[in-house]
Structure formats: structure tokens, C-alpha cells
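Here are the chains, one letter per residue:
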Amino acid sequence: MFYRLLTVEATEYRQINPDATGDSLVTSYSGNFDAVTRNPTASQFAFAYSADPLALDPVWQIYKNSTVSITGATLLSSTQFRFVGSIQFTPDGSLVVFTGSVAEGEFGVYRVSSGGTGQLRLDDGEEADVDGSGTKIVYTKLDGASGKGEIWTMNLDGSSQTRLTSNTHEDWFPQWSKDGTKICFYTVRVG
């Protein structure tokens, strides 16, 4: 299992065995880089980059490159973000789906071609995940009345937005199962 560990100085990508043994570093990047993902069909990475991530109001943008480096990188996002959450290529590598905040409390789910054209804000939302077929997105969206995170799905073009959870609890970080038949997510149901 791989996981991401964020610190002020660096973002570490680590792996650990299911029995909690073998925790080891896979790679790390300076704090200027976040949400690194690999294109499944090409030797490319997409990532969020900020020249000054510790600034009071940092500016993050989405880039693509053959390595996790700003040197020679291609800018993908036409928007500057204060925060970037998840980022992922679609299974065919043609699109990058990511979440970001342009202002305090204004989070959105975005899509852009891997060539850097056609950026589109699909909906309000945070922490998105693309299914294995590359046709649906699961994401967290704040409920306007309660202010709590709820789990939603939509098509890759932003259509067919469907709310899956509706409760008084926080529901976050949804992920598709490998076969696309289930969605797992973080929640606090008691305490």
C-alpha cells in the first residue's frame, strides 16, 4: 500500500505492508510540490507546484512534466489556486482531474486535457477520484445546510451529479474499488 506524508519541508510517498511492517520511503519531493500523480499510459507526471508554499496566500498551479520538476514543465491549469487537493490522470491518460480552492471555502472539481487545454470546473467539491473505466468521478461536496461533507458522483463531463450520502456526519476522501462496484470513504459516525 502506498500513502502520502506531508510536512512543511517535503512530501513523502511511502509504502507499507498490510500487516503494518515494512514502512519505507519510495520517494520525496520538496514542499513546493504536492499531489503528484503518474500518467498510466506515458512517462509523465502531473503535480501541483507553488514557488512559495509557506506564503500567507500561496499560489498553486497544475503542471505536467516527464519528471517531478518545474524545469521544462508544461502548465496545465489556467487558474491559480490557494490549495490543491487530489489530482489524477484518467486511465487513458488524456485528462487530468483535480480539486482546488481559488478562495477561502470555494473548492471545486476540475478537468483539463493532458495537453493543457479545455480546463473546466465540473462542480463544487473536494477530494475526487476517477473510476477505473474513466467515465465517473466520486467526490466530497459540502452540504449547504449542515456544512458537512457528503459523497457524490458525476460523469466525467460534469453531468448526472448524484448525491450518495445524506446524514449529519462527516463523509470524506471517497475512492472507487478496483472493480468500480463499490466506494470506500472516511466518516465519523460516533463520538
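In the block above lies the structure referred to throughout.
Residues numbered from 1 in each chain as written. Predicted model: local features only at pLDDT ≥ 70, side-chain atom pairs only at ≥ 80, totals over all residues. Heavy atoms only, no water.

1. Examining the overall build of the chain
And step 1. Within the chain, the secondary structure is distributed over 0 helices and 17 strands.
And step 2. A compact globule built from 191 residues should have a C-alpha radius of gyration of about 16 Å, and the chain, at 16 Å, falls within 12% of that.
And step 3. Taken over the C-alpha atoms alone, the chain extends approximately 45 × 45 × 35 Å along its principal axes.
And step 4. Burial status across the chain gives 42% buried among its 191 residues.
And step 5. A separation of at least 24 residues holds for 26% of the contacts in the chain among residues at least 6 apart in sequence.
And step 6. For the chain, the accessible surface area stands at approximately 9900 Å², while carbon and sulfur atoms represent 54% of it.
And step 7. Within the chain, one finds 14 positive and 22 negative side-chain charges whose respective centroids are separated by 5 Å. (Helix = DSSP H or I, 4+ residues; strand = E, 2+ residues; numbered from the N terminus. Rg over C-alpha atoms; globule rule 2.2 N^0.38 Å. Buried < 20%, exposed > 50% of the residue type's maximum accessible area, 1.4 Å probe, protein only. Contact = heavy atoms within 4.5 Å. Areas by Shrake-Rupley, 256 points an atom, 1.4 Å probe, with all protein chains shown as cover. Lys, Arg positive; Asp, Glu negative; His and termini not counted. Charge placed at Lys NZ, Arg CZ, Asp CG, Glu CD.)

2. A few points about the sheet that holds strand β4 (residues 33-38)
Sheet strands pair by backbone hydrogen bonding; their relative direction is either parallel or antiparallel.
And step 1. Strand order across the open sheet formed by 4 strands is β4-β5-β6-β7, with antiparallel pairing between neighbours. Of all strands in the sheet, those with a lone pairing partner are β4 and β7 (74-75), marking the two edges.
And step 2. Pairing geometry for strand β6 (residues 61-65) and β7, over 2 bridges, is antiparallel. Residue pairing across strands places Lys64 opposite Thr74, the latter belonging to β7. (Pairing = 2+ DSSP bridges.)

3. A short note on the environment of Lys141
And step 1. By secondary structure assignment, the location of Lys141 is in strand β13 (residues 136-142).
And step 2. Under the relative-accessibility criterion, Lys141 is labelled buried at 15%.
And step 3. Discounting chain neighbours no more than four positions away, the residues touching Lys141 are Asp123, Asp124, Gly125, Lys148, Gly149, Glu150, Trp152 and Gln161.
And step 4. Within the structure, Lys141 has its side chain in polar contact with the side chain of Asp123 (distance 3.1 Å). (Polar contact = N/O pair within 3.5 Å; in protein donor to acceptor, adjacent residues only side chain to side chain.)

4. Side note on the pairing of β6
And step 1. Most of β6 sits out of view: 5 of its 5 residues are buried.
And step 2. Along β6, one buried face is formed by Gln61, Tyr63 and Asn65 and the opposite face, lined by Ile62 and Lys64, is buried too.

5. Observations concerning the packing of aromatic side chains
And step 1. Inspection of every chain in the model, using the stated rule, returns 10 aromatic pairs.
And step 2. Ring centres of Phe98 and Tyr110 lie 5.3 Å apart, and the angle between their planes is 10 degrees; on these two criteria the pair is classed as stacked. Pair noted here: Phe98 is in strand β9 (residues 95-101) and Tyr110 is in strand β10 (residues 107-113), with a separation of 12 residues, a long-range link. When sorted by exposure, Phe98 lands in the same class as Tyr110, which is buried.
And step 3. Through a chain of ring-to-ring contacts, three or more aromatic side chains come together here, namely Phe33, Phe47, Tyr49 and Tyr63. (Phe/Tyr/Trp six-rings, centres within 6.5 Å; stacked < 30°, edge-to-face > 60°.)

6. Observations concerning the side chain of Thr140
And step 1. Among the secondary structure elements, Thr140 is positioned in strand β13.
And step 2. The exposure class of Thr140 is buried, given its relative accessible area of 1%.
And step 3. Residues in contact with Thr140, not counting those within four places in the same chain, are Gly125, Glu126, Glu127, Gly149, Glu150, Ile151, Asp171, Trp172, Phe173 and Pro174.

7. Things to note about the sheet that holds strand β14 (residues 149-155)
And step 1. Taken together, 4 strands build an open sheet; the order of strands is β12-β13-β14-β15 and the sheet is antiparallel. The sheet is open, and its two borders are formed by β12 (126-130) and β15 (162-163), each paired with just one other strand.
And step 2. Sheet topology places β13 next to β14; 7 bridges connect them, and they run antiparallel. Residue pairing for β14: Lys136 is matched across the bridge by Asn155.

8. Quick word on a nonpolar patch on the surface
And step 1. Side chains of Phe173, Tyr186 and Val188 sit close together on the surface and give an oily, nonpolar patch of about 280 Å² of accessible area.
And step 2. A relative accessible area of 46% places Phe173 in the partly exposed class. (Patch = residues over 30% accessible without salt bridge, like charges linked within 9 Å, V, L, I, M, F, W, Y side chains within 5 Å. Salt bridge = Lys/Arg side-chain N within 4 Å of Asp/Glu carboxyl O.)

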